[in-house]
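Chain by chain, the residues run as shown.
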Amino acid sequence: MSQPDGKPETVEDLERKKKKEEKAREKELKKLKAAEKAELAKLKAQQGANAPKKTAKKNIKRDVGEENPEDYVDPETPLGEKKRLSSQMAKQYNPSAVEKSWYAWWEKSSFFVADASSPKPPFVIVLPPPNVTGALHIGHALTSAIQDTIIRWKRMSGYNTLWVPGVDHAGIATQVVVEKKLMRERHLTRHDVGREKFVSEVWKWKDEHGGTILRQQRRLGASLDWSRECFTMDERRSRAVTEAFVRLYKDGLIYRDIRLVNWDCILRTAISDIEVDYVDIKERTLLKVPGYETPAEFGVLTSFAYPLEEGLGEIVVATTRVETMLGDTAIAIHPDDKRYTNLHGKYAIHPFNGRRLPIVCDAILVDPSFGTGAVKITPAHDPNDFEVGKRHSLEFINIFTDDGKINSNGGSEFVGMPRFKARQAITEALQQKGLYRGSKNNEMRLGLCSRSNDVVEPLIKPQWYVDCNGMAKQALDVAMDAEDRKLEIIPKQYAAEWKRWLENIRDWCISRQLWWGHRIPAWYVTLEDDELKELGVYNDHWIVAKDESEARKEASKKYAGRKFSLCQDPDVLDTWFSSGLFPLSVLGWPDDTEDLKAFYPTSVLETGHDILFFWVARMVMLGIKLGGDVPFRKVYLHPMIRDAHGRKMSKSLGNVIDPLEVINGVSLEGLHKRLEEGNLDPNELAVAKAGQVKDFPSGIAECGADALRFALVSYTAQSDKINLDIQRVVGYRQWCNKLWNAVRFAMSKLGDDYVPPVEVHPETMPFSCKWIISVMNKAILKTVSSLDSYEFSDAATAVYSWWQYQFCDVFIEAIKPYFTGEDPTFSSERNSSREALWLCLETGLRLLHPFMPFVTEELWQRLPSSLGNQRKESIMICDYPSYVEYWTNERAELEMDLIESTHKNERLPAYAYCQNEEVSSIIKSHELEIVTLATLSSLEVLLSDRDVAPARCAFENVNENLKVYLKVQGNLNAEAEREKIKNKMEEIQKQQEKLKKTMNVSGYEQKVPLHIQEDNAAKLAKLIQEFEFFQKENSRLDAELMDNN
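Residues numbered from 1 in each chain as written. Predicted model: local features only at pLDDT ≥ 70, side-chain atom pairs only at ≥ 80, totals over all residues. Heavy atoms only, no water.

(A) A look at the overall build of the protein chain. When its secondary structure is counted, the protein chain shows 34 helices and 33 strands. Dimensions of the protein chain along its principal axes, counting C-alpha atoms only, are 120 × 75 × 60 Å. Split into buried and exposed, the 1045 residues of the protein chain put 51% on the buried side. Working note: accessible area of the protein chain is about 49800 Å², and carbon and sulfur atoms make up 49% of it. Of note, the protein chain has its 142 positive side-chain charges centred 3 Å away from the centre of its 157 negative side-chain charges. (Helix = DSSP H or I, 4+ residues; strand = E, 2+ residues; numbered from the N terminus. Buried < 20%, exposed > 50% of the residue type's maximum accessible area, 1.4 Å probe, protein only. Areas by Shrake-Rupley, 256 points an atom, 1.4 Å probe, with all protein chains shown as cover. Lys, Arg positive; Asp, Glu negative; His and termini not counted. Charge placed at Lys NZ, Arg CZ, Asp CG, Glu CD.)

See below:
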């Protein structure tokens, strides 16, 4: 929870608040007991002296004091029916009780379902499809909280809203999960069971476990249109993927080529850049590598010599991957390096296979000042060397098998060795040949696969690629063309990254060597008279088609009269390819469906900034190319969530936060248990548990979905990272309790038979009612404008501030005197206060609903409905509040600002020392509100022209027109008051000097606009006036001190 200055509340603040609430409850209980006692005395008097005392007391307890606990408990609600509420509101907010039953009723009532034939304007969001393997994590919760806030707001604002749920098949992640399951349960690899049976096992796993994450979305209150739920590998989405591949291929945008890829030797597939995690290694380090019993060495630069032909001696090179020397096909030097001028055009000899290695001159790669100035070149295993190989037409020799062992190209001495064992063996062999020249520590970045933790190996492989250049230019233009911008990126700073990435885009490798995924719709034709029969050996023998029948027809035309056989490419497509089509495929593309016509392009794409290029840019490119328009009009990129200390969430640190544990609460033991069920090694487990003990010593309190959602949305102002402190979520859960109690209070003042008016007229109401309606109107304006500009934190703050600081802290307190003792002189004020209370509750709950759907629905359903108005079934289909011009009352707001500025103190007499008649008149007219809100025992209004400042009082300078004096108990601490005056005078002097300096600048009168000169003159006059007041106040205190002495 935030304090007025915007800072999060500390544990001490929350403890103080808790004590304050307990004190208030004790006070209320005393009042109830006093009322009971009075009623008992009254009954005794009526019954006379002979009435049995025991019976009378027992009856009174039953009539007045006894409560039926069942009245406060919600009856059981059958699944899908409207929630049955208790006859009495529970005395405390309980998130699990409040959030029960509503979602099933919303869903069954089809409140989430969009209508493609609706005349309302469409507003569409596609949920970024979570991995089918996944469980809800805090990033998903942030995505859902933001998107549901937008969708509920737009639904209430009259839009035909569609929020499409879907799940991604997650090629690598899912295959890994099922492979581990097979090994764990049956001690089999996927190769043991074969492709067809393995894929069947994955589908079985998906059907059993794949819906977990979407079910968890319901617990968050996500109002997704479940009737349109989809899966990236269901029949319709698979057809869309095939259609897209075939179209792009026929347009010349998909091609096959042999290039370097990121290769995972455990998974035996190419992986995308986003699946590579980099670790920084400072020096010689031993790391565990999957598949190896002993750790492998990294962070070492090994130097060795290549013998030169013609007896020219040797040339020394250095590498961090000495095993790749088996694939070296050249040595590069700088053309201007005089040390090697005599070696231009010469050759070195490979010590293990006798291969001649040309000495090539390359000014692009070689830095002559680094190391020996000579660089070994392995074109098939290094990105930089690959480019050198192309520039100098070198031989590309792959030395690794798909599982990371040395193949026959590496020589008989090392063939079959795993690469990191070969590293050691080659070093020893170089030593034996006298070519080893030492090793030293070397700082480096090591790429690891995020799925398998294997060390990524650059390998040269034939793959399918998408030519991105033309599509990237289109994607760049739609976002950067100021005159015809079709795509807005929010926050704006990411537009520069969008530009930088798209201007430097590389072609996209879309094939993966997996079994789970969309099989590539390409068939290889092997002709009977082909000399070589291996799959893919002739690049022009590929046929791309929608199915095998179509491929056979095309092959028959292309190779008329010749015998051939067909074999489909065993590879599957990159998961990002099907995800990139998602805005199109979820609406039925390539068919011209009613959904596609009504809802494409969608309205906004909301996701994390970390996948701006891997997903967002590709959706835009494919959407323009295949859908004829951008897939969405806006992109909103939310921050990435870190823990309270700013650290990335990691299982090994123990700081991963499960949203359901925040919603439902969890003990420290429960947090530990989750860690123990993971796959951390004993050392990591100990560190993780220690982290949990430090951050969550008492576990995590039950917060509920509403509090979690509100906290996450409130955090979105934090730049590109959110440092999530669970204590803040707990604070919002406590705020829900305050909201609950405010509504309970209001309902008690409305009464059981209250019927709200059809229209409310603030101009006829008492001051405090005019004020609360006016500031609510401002809160509506601020909330809506903030939501419109995607400033979600500002929107949440606007709603929270009105409810907390204006409705609860001020208005409810200000109207309490009207309801004390049912005083007939306040009859009109009571009626107006009831109308204002009802209007504020009904409007304020609608304003809050998109942020906190559960508690607002529950409270709104308890409100009485006005006559003549057809009440909507649910708050979520009501109209969102809009600004009402005649509700605004600037004068009431200014006067309340003045009232609120008066010093608060417990039960002390006070004096309002006014500098003019206007302020004096305002204070006198609001004496009741001031005494009530400032909890004063009395208030006397003084005028500076007529009255002297009261003696022996502490004072508070409200502004230049109003000073408040408080009669302190006991002796006044004059020294403390003088110190306060001194500090204030110093502050005013600094302000005066700064302003005078500005006004005395040369050319001020000629260059500065007249209205600014007038403002500055007025400010200076006020400062002089305030300074004079403090001088007088200081003199008065001096005089008082003299008198006392």
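(B) Representation of the pairing of strand β28 (residues 640-643). Going residue by residue along β28, you find M640 and R642 tucked away on one face and I641 and D643 tucked away on the opposite face as well. Bridge count for β28 against strand β29 (residues 721-724) is four bridges, and the pairing is parallel. Bridge pairing in β29 places R642 opposite N723. (Pairing = 2+ DSSP bridges.)

(C) Summary view of the sheet that holds strand β11 (residues 314-319). Read from one edge to the other, the open sheet built from three strands follows the order β11-β10-β16, with strand pairing classed as antiparallel. The sheet terminates laterally at β11 and β16 (436-441), the two strands that pair on one side only. Averaged over all pairs of adjacent strands, the angle between their axes in this sheet comes to 20 degrees, without regard to strand direction. (Axes fitted to C-alpha atoms, helices over the stretch in contact; angles between N-to-C directions.)

(D) Molecular detail of the packing of helix α26 (residues 792-819) against helix α27 (residues 827-848). α27 packs onto α26 with a crossing angle of 165 degrees between their chain directions and a minimal axis gap of 11 Å. If you check the angle between α26 and α27, you find them roughly antiparallel. Of the two elements, α26 crosses α27, and the hand of that crossing is left-handed. Counting all contacts with α26, which are made through V799, W802, W803, F807, F811, I815, Y818 and F819, the residues of α27 involved are E829, R830, S833, R834, A836, L837, C840, L841, G844, L845, L847 and L848. A breakdown of the residues in the contact of α26 with α27 according to their chemical character gives 15 nonpolar, two polar and three charged. (Parallel < 35°, antiparallel > 145°, perpendicular 65-115°, else oblique. Left-handed = near helix turned anticlockwise from the far one by under 90°. Contact = heavy atoms within 4.5 Å. Nonpolar A, V, L, I, M, F, W, Y, C, P; charged D, E, K, R; others polar.)

(E) Quick peek at the packing of aromatic side chains. In this structure the tally under the stated criterion is 39 aromatic pairs. Summarising the aromatic geometry, the rings of F352 and F414 are spaced 5.3 Å apart at their centres and angled 75 degrees between planes, so their arrangement reads as edge-to-face. Here F414 lies in the loop between α11 (383-391) and α12 (419-432) and F352 lies in the loop between β13 (347-349) and β14 (356-361), a separation of 62 residues in the sequence. Accessibility classification places F352 together with F414 in one group, the buried group. Among the aromatic side chains, those forming a connected cluster through ring pairs are F245, Y249, W464, W508, Y524, W542 and F577. In this structure, R152 is placed above the aromatic ring of W106, and the distance from its NZ or CZ to the ring centre is 4.6 Å. A cation sits over an aromatic face here: K206 above F231, 4.4 Å from the ring centre. (Phe/Tyr/Trp six-rings, centres within 6.5 Å; stacked < 30°, edge-to-face > 60°. Lys NZ or Arg CZ within 6 Å of the ring centre and 35° of its normal.)

(F) Fine view of the environment of R506. Relative to the elements of secondary structure, R506 occurs in the loop between α14 (494-503) and β20 (508-509). Classification of R506 by relative accessible area gives exposed; the value is 63%. In this structure, the C-alpha to C-alpha distance between R506 and L142, residues 364 residues apart in sequence, is 31 Å. Those residues in contact with R506 that sit more than four places away from it in its chain are D273 and C468.

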